[in-house]
Amino acid sequence: MKALAIVLVVVFVGCAILSIAHPLEPSTVTRALGFSNDKAHAKHPFLYFVLAVLALIWLRFQSSQPAR
Amino acid sequence: MLAVLQGVSELFPISSLGHTVLIPPLFHWNVNESDDSFLAFVVVLHLGTALALLVFYRATWLRIVRAFFGSIVRGRLTGERDEKIAWLLVVGTIPVAILGVLFQSSVKALFASPIPVAAFLMLNALVMFAGEALRRRQAARATGGGKPIEQLTWAQSAGIGVAQSLALLPGISRSGSSIVAGLLVDLDHEDAATYSFLLATPVILLASVLELPEIFKPGVAIGPVEAFAGCVLAGLTAYASVAFLTRYFQHNDLRPFGWYCLLAGATALVLFSTKVIA
């Protein structure tokens with residue numbers, strides 16, 4: 001589970017960076033994900049940032065659990 | 001009028017988005033729903049609704065927020081009631097936040113016209129009727145009353161969050177779908193409504209705060225007095241609505257709202273599809 005939390009942190013941070021830079025050509029998928037370069041996306045980076053923080057908190061909860 | 005409509009219909013299980021699409025053409029209000037000024041005004045109204053929910057549940061939110069940060073500082077969950085509710089709300093908010101940010105504008109573009117909205121309003125009614133029927137069947141089998149909110153599992157809370165995100169479809173009610181989902185996982189009506197309102201608060205608040213810059217866009221013609229008046233009026237009607245609904249659900253169920261949605265949806269469907277109203 002710790003590994004999953006780390007993967008999620010990395011994925012969401014990557015998505016946040018992509019949605020801030022939004023470098024990709026507009027398409028249905030890139031627009032939905034907030035990666036398209038046709039407009040600045042305000043909600044997407046916020047969402048990805050919050051999800052990354054939550055994944056970090058989950059990782060912290062996992063780390064503080066006693067080893068079995 | 002729009003502020004009152006928003007304040008009431010956001011929390012009653014009758015779909016505020018659906019009413020925002022249906023009511024202006026029905027009453028010949030001169031409203032352009034894709035206009036920047038209108039969208040900015042709707043943001044202000046949502047802010048008023050969210051603030052009303054925060055004020056109404058202020059004591060609960062204070063305990064929840066304190067327990068939430070306490071658990072983060074400790075780095076572990078203790079199983080205490082407010083802490084469990086705090087994390088259930090986080091888990092329940094994740095699906096609606098993801099689906100809302102990713103798909104809201106495309107879903108709205110596809111379905112935000114009167115005929116689909118009228119059809120979804122009727123579907124909203126059927127969901128409420130089906131939810132009530134299933135709940136009564138469950139209640140007949142069970143020995144005690146509903147379980148308390150803190151006994152929800154993480155998966156059940158996520159399920160209620162997914163149900164809440166059905167409200168992306170204009171005509172499906174956020175509170176209606178999440179109350180039905182709450183009933184199906186064995187909450188009673190009062191707790192299902194309370195959990196639905198608690199779950200809606202961060203979503204409405206964050207969405208409106210993130211869209212607040214819309215008000216300051218060039219070309220938006222909303223004065224500070226109009227914005228403030230709209231926010232306060234929507235807030236007051238939302239506060240009255242949540243006060244009424246929490247008392248209502250102590251002894252009553254969703255069926256009257258189901259009948260209303262069925263009737264309103266059918267009437268709108270006939271009027272718009274026969275082009276009696278353009």
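Residues numbered from 1 in each chain as written. Chains lettered and ligands numbered in written order. Predicted model: local features only at pLDDT ≥ 70, side-chain atom pairs only at ≥ 80, totals over all residues. Heavy atoms only, no water.

(A) Main features of the overall build of chain B. Looking only at helices and strands, chain B has eleven helices and zero strands in total. Counting helices and strands in the order they occur from the N terminus, chain B gives α-α-α-α-α-α-α-α-α-α-α. In summary, chain B has a C-alpha radius of gyration of 19 Å against a globular reference of 19 Å for 278 residues, a match within 12%. Principal-axis analysis of the C-alpha atoms places the extent of chain B at approximately 55 × 45 × 30 Å. Counting the 278 residues in chain B, one finds 49% classified as buried. The contacts of chain B with a sequence gap of at least 6 include a subset with a gap of at least 24, amounting to 81%. (Helix = DSSP H or I, 4+ residues; strand = E, 2+ residues; numbered from the N terminus. Rg over C-alpha atoms; globule rule 2.2 N^0.38 Å. Buried < 20%, exposed > 50% of the residue type's maximum accessible area, 1.4 Å probe, protein only. Contact = heavy atoms within 4.5 Å.)

(B) Structural detail: the packing of helix H8 (residues 174–184) of chain B against helix H9 (residues 189–211) of chain B. Residue and element names in this part refer to chain B. Put simply, H8 and H9 touch, their axes get as near as 8 Å, and they point 135° apart. Compared by their axis directions, H8 and H9 come out oblique. In the packing of H8 onto H9, the handedness of the crossing is right-handed. Residue-level contacts link Arg174, Ser175, Ser178, Ile179, Gly182 and Leu183 of H8 to His189, Ala192, Ala193, Ser196, Phe197, Ala200, Val203 and Ile204 of H9. Here the contact of H8 with H9 is built from residues that sort into eight nonpolar, five polar and one charged. (Axes fitted to C-alpha atoms, helices over the stretch in contact; angles between N-to-C directions. Parallel < 35°, antiparallel > 145°, perpendicular 65-115°, else oblique. Left-handed = near helix turned anticlockwise from the far one by under 90°. Nonpolar A, V, L, I, M, F, W, Y, C, P; charged D, E, K, R; others polar.)

(C) Inspection of the interface of chain A and chain B at higher detail. The interface is formed by 13 residues belonging to chain A together with 19 residues belonging to chain B. For the pair chain A and chain B, the summed buried surface comes to about 1,400 Å²; carbon and sulfur atoms form 77% of the total. Its largest share of buried area at the contact with chain B, chain A owes to A:Lys43, A:Leu47 and A:Phe61, together 40% of the area lost on that side. Taken together, the links from chain A to chain B amount to one salt bridge. Residue A:Lys43 is joined to B:Glu211 by a salt bridge in which the shortest nitrogen-to-oxygen separation is 2.4 Å. Run the count over chain A and chain B and you get four residue pairs in polar contact (both at pLDDT 80 or more). For the side of chain A that touches chain B, the leading source of residues is helix H3 (residues 43–64) of chain A, giving eleven residues. Classifying every residue of the side of chain A that touches chain B gives nine nonpolar, two polar and two charged. (Buried area = accessible area lost by both parts, 1.4 Å probe. Salt bridge = Lys/Arg side-chain N within 4 Å of Asp/Glu carboxyl O. Polar contact = N/O pair within 3.5 Å; in protein donor to acceptor, adjacent residues only side chain to side chain.)

(D) The packing of helix H4 (residues 58–74) of chain B against H9(B), seen in detail. All names here are of chain B. Running from N to C, H4 and H9 cross one another at 75°; their axes reach a closest spacing of 12 Å. As far as their axial angle goes, H9 and H4 are roughly perpendicular. Facing H4, whose interface residues are Thr60, Trp61 and Ile64, H9 presents Leu198, Thr201 and Pro202.

(E) Looking closely at the packing of aromatic side chains. Residue and element names in this part refer to chain B. Scanning the entire structure with this criterion turns up 13 aromatic pairs over all chains. Look at Phe12 and Phe244: their rings are 5.8 Å apart centre to centre, the planes differ by 10°, and that puts the pair in the stacked class. With Phe12 in the loop between helix H1 (2–11) and helix H2 (16–26) and Phe244 in helix H10 (residues 224–251), this residue pair connects regions lying 232 residues apart in the sequence. Given the relative accessible area of 44%, Phe244 is considered partly exposed. One aromatic cluster in this structure is built from Phe12, Phe244, Tyr248, Phe249 and Phe257. Sitting over the face of the ring of Trp154, Lys84 holds its NZ or CZ atom 5.3 Å from the ring centroid. (Phe/Tyr/Trp six-rings, centres within 6.5 Å; stacked < 30°, edge-to-face > 60°. Lys NZ or Arg CZ within 6 Å of the ring centre and 35° of its normal.)

(F) A look at the pattern of salt bridges. By the definition in use, this model includes nine salt bridges over all chains. For A:Asp38, the salt bridge goes to A:Arg31, with nearest N and O atoms at 2.8 Å. On the basis of relative accessibility, which here comes to 44%, the residue A:Arg31 falls in the partly exposed class. The partner of B:Arg174 in a salt bridge is B:Glu10, with the nearest N and O atoms 3.3 Å apart. Of the two residues, B:Arg174 sits in helix H8 while B:Glu10 sits in helix H1, which places them 164 residues apart along the sequence.

(G) Here's a closer look at the nonpolar core. All names here are of chain B. Judged by nonpolar contacts, the single largest core of 57 residues is most densely connected at Tyr195 and Phe257. Of the residues forming this core, the biggest block, eight residues, is contributed by H9. When neighbours within four sequence positions are excluded, Tyr195 is seen to be in contact with Leu88, Leu89, Ile149, Leu152, Ser157, Ile160 and Leu187. (Core = buried A, V, L, I, M, F, W, Y, C linked by side-chain atoms within 4.5 Å.)

(H) Geometry of helix H11 (residues 255–273) of chain B. Residue and element names in this part refer to chain B. For H11, which comprises 19 residues, the first-to-last C-alpha distance of 26 Å matches the rise-based estimate of 27 Å (1.5 Å per residue) to within 8%. Considered for burial, the residues of H11 that qualify are Phe257, Gly258, Cys261, Gly265, Ala268 and Phe272. Around the axis of H11, the buried residues are gathered within 110° of arc, so they sit on the same side. Turned more than 90 degrees off the buried face of H11, the exposed positions are Trp259 and Leu263. Elements in contact with the buried residues of H11: H2, helix H6 (114–141) and H10. Just downstream of H11, Lys275 is the residue with a positive phi angle, here 60°. (Expected span 1.5 Å × (residues − 1). Arc of directions from axis to C-beta.)

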